[in-house]
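# Breakdown of the fold
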Amino acid sequence: YASGVNQYVADHPGELNELFDGQLPDPWMPWDSMLAWDYVAHAEPMESEVTNLHAFDALVGQGYTSLEAATKLNPTVVYDDLGATVKQDDVPLATQRAMTEYDHQHPTFGGLKPNYTIAPHMSHAWAVSGDLTQTGEALLSGNPRQQITAPSFWCEIHIVGKTIDARGITIPGALGFFVGFTPYVAWTNTGASGDLSDLYRLNNSFLGAEEYWFDGQVEQMACADQVVRVKGEEPIHSRVCNTGIGPNVTPILDAALPGEQYALSALPFVDRGRDTIHGQVGMMRAKSLKQFTDAIEGWRTPKANMIFATADNHIGYWYLGAVPTRSELSPLAGYMAQNGSASQYQWVEILPHDLRPHVIDPADGYVFNGNNLAAGSWYPIMNGSVSGGGETLRSARLREMLDMADDDGVITADEARDFLLDRTVPAYRDIMRAALQHRDWAGGVGFSSTARAAVDTLERWYQGGAVMAPDQPGYALAHWFSWKFRPANAGNLTHVYGEGEAGLAAFARHLRLT
């Protein structure tokens, strides 16, 4: 691949993208393709982990024990089980038992898990088995949504070799596919939730700026001066330091206190010797369902919800990404920065592939994901990585459309096209229905004059199907519906249904069903 890139540059020096400004780039190297993939998979250090650690320190300073402080800060997570991709009934009992046993073997600090309650315009992907299609073959649809950029975020490539014939979209310069297909299998992804990185506060007491204590020994950071040349401006000088845990990210953490140093534990800085390209090549070579599901174990980053369909009529979902199993000595791991002074607080291992949320050939005959919750509250491994949430506005509509299509017996080509072009947001529609009912049945008691005027104006939009399209009457006003379901505008409802899109979707579903 690298040789082909370099040959093209040599043969077409005057046809390169204008952003090169007439300059020939340095030769492309094999590791550049790996770095191109890592560019979109890199972990951002979370400022909140620093502030949460400071809150924990303050409680301990007030006399609370570590367990008492962790319990006091333990976040409440709302699970909307009806909004999950993987249903418990579709997971074999043996797999469920293995998940529970793993959870018992790797407990969280003090046995704490997030407090959770069961609650009554995104990328999306779906697949249906051949039993529900006109052709009798499995059908896959992927619609990853990114802002339009120039140059494009995606590029399409076709890779052909002795054991590979694969085509799809990828990151410019990378070899693996985010969405791809071979003669045997097709796959697509949506962005996944979950925290696959941790900040660690280093112990540098009485040491130099580039030293830290680890397991009772003084360790030296590996530091280097870097220069970034900027056209027409002065070069940017920076000093980059790495620790045994990961890079020192203190300079980009506004919440760090004077004297504090933080290292970021995340892929690819840990789990060395593994790279997503290994899994990607296996995916391209797979000739059976087992070969494919074995290969996706090698997908290390970024975290993703993969939907796939095979030529022999299998469909499935798998949560992708190297999920860390955190130390039981680390309080609220994934929620606040951890102790970086000893190996006993570091990640224990990477969660085994077959214990991550997944399903093959679900009973409904279809599977989908629109950036929604991977698995509900039945999933026992709540280690700060894969937990909490529910439906998104897009997944709610996918579920609705697939249920309706399933009722008809088969999904037609026209219905598949309609899924792609659909612009209905169920939450907005259902809230509007409730508002109209309140106006008509209760006289709009409690509505301000502005709210009453808005409901009157949006009635035609609702009657037209509640479609978010500019040619619909009332669309300009409907466009201002807010999906920010927060305590400031939803009050105590967020304690029941959760916050954000998931909370709004759960609340709207409750309105629809009642």
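I will try to describe carefully the structure that is included in this document.

This model, assessed by the stated rule, comprises 13 aromatic pairs. Aromatic pair Phe-485 and Phe-507: ring centres 5.6 Å apart, planes at 25°, arrangement stacked. Placement of Phe-485 in the loop between helix H12 (475–478) and helix H13 (487–490) and of Phe-507 in helix H15 (residues 500–513) is noted, with a sequence separation of 22 residues between them. The exposure class of Phe-485 is buried, given its relative accessible area of 7%. With relative accessibility at 16%, the residue Phe-507 sits in the buried group.

Another aspect to go through is the layout of surface pockets. By rolling a water-sized probe across the atoms, one finds the places where empty space is left. What the second largest pocket holds in volume is close to 900 Å³. Contributing to the lining of the second largest pocket are 22 residues, with Val-5, Phe-20, Trp-28, Pro-172 and Gly-173 lying nearest its centre. Elements with a contribution of two residues or more to the lining of the second largest pocket: helix H1 (2–11) and helix H2 (30–41). Sorting elements by how many residues they give to the lining of the second largest pocket places H1 first, with 5 residues. Here the lining of the second largest pocket is composed, by residue class, of 14 nonpolar, 5 polar and 3 charged.

Here we have 3 strands laid out as an open sheet, ordered S4-S3-S21, and antiparallel in their pairing. Across the chains shown, the open sheet's two edge strands, defined by having one partner strand only, are strand S4 (139–143) and strand S21 (366–369). Strand-to-strand twist across the sheet, computed as the mean angle between neighbouring axes with direction ignored, equals 5°. Here strand S3 (residues 124–128) pairs with S4 via 5 bridges, running antiparallel. When the bridges of S4 are listed, His-124 appears paired with Asn-143.

What counts, and at which threshold
- Residues numbered from 1 in each chain as written.
- Predicted model: local features only at pLDDT ≥ 70, side-chain atom pairs only at ≥ 80, totals over all residues.
- Heavy atoms only, no water.
- Phe/Tyr/Trp six-rings, centres within 6.5 Å; stacked < 30°, edge-to-face > 60°.
- Helix = DSSP H or I, 4+ residues; strand = E, 2+ residues; numbered from the N terminus.
- Buried < 20%, exposed > 50% of the residue type's maximum accessible area, 1.4 Å probe, protein only.
- 1 Å grid on protein atoms, 1.4 Å probe; cavity = no way out; pocket = protein on both sides within 12 Å on 5 of 7 lines; lining within 4 Å.
- Points joined across faces, edges and corners; volume = space filled by probe spheres on them.
- Nonpolar A, V, L, I, M, F, W, Y, C, P; charged D, E, K, R; others polar.
- Pairing = 2+ DSSP bridges.
- Axes fitted to C-alpha atoms, helices over the stretch in contact; angles between N-to-C directions.

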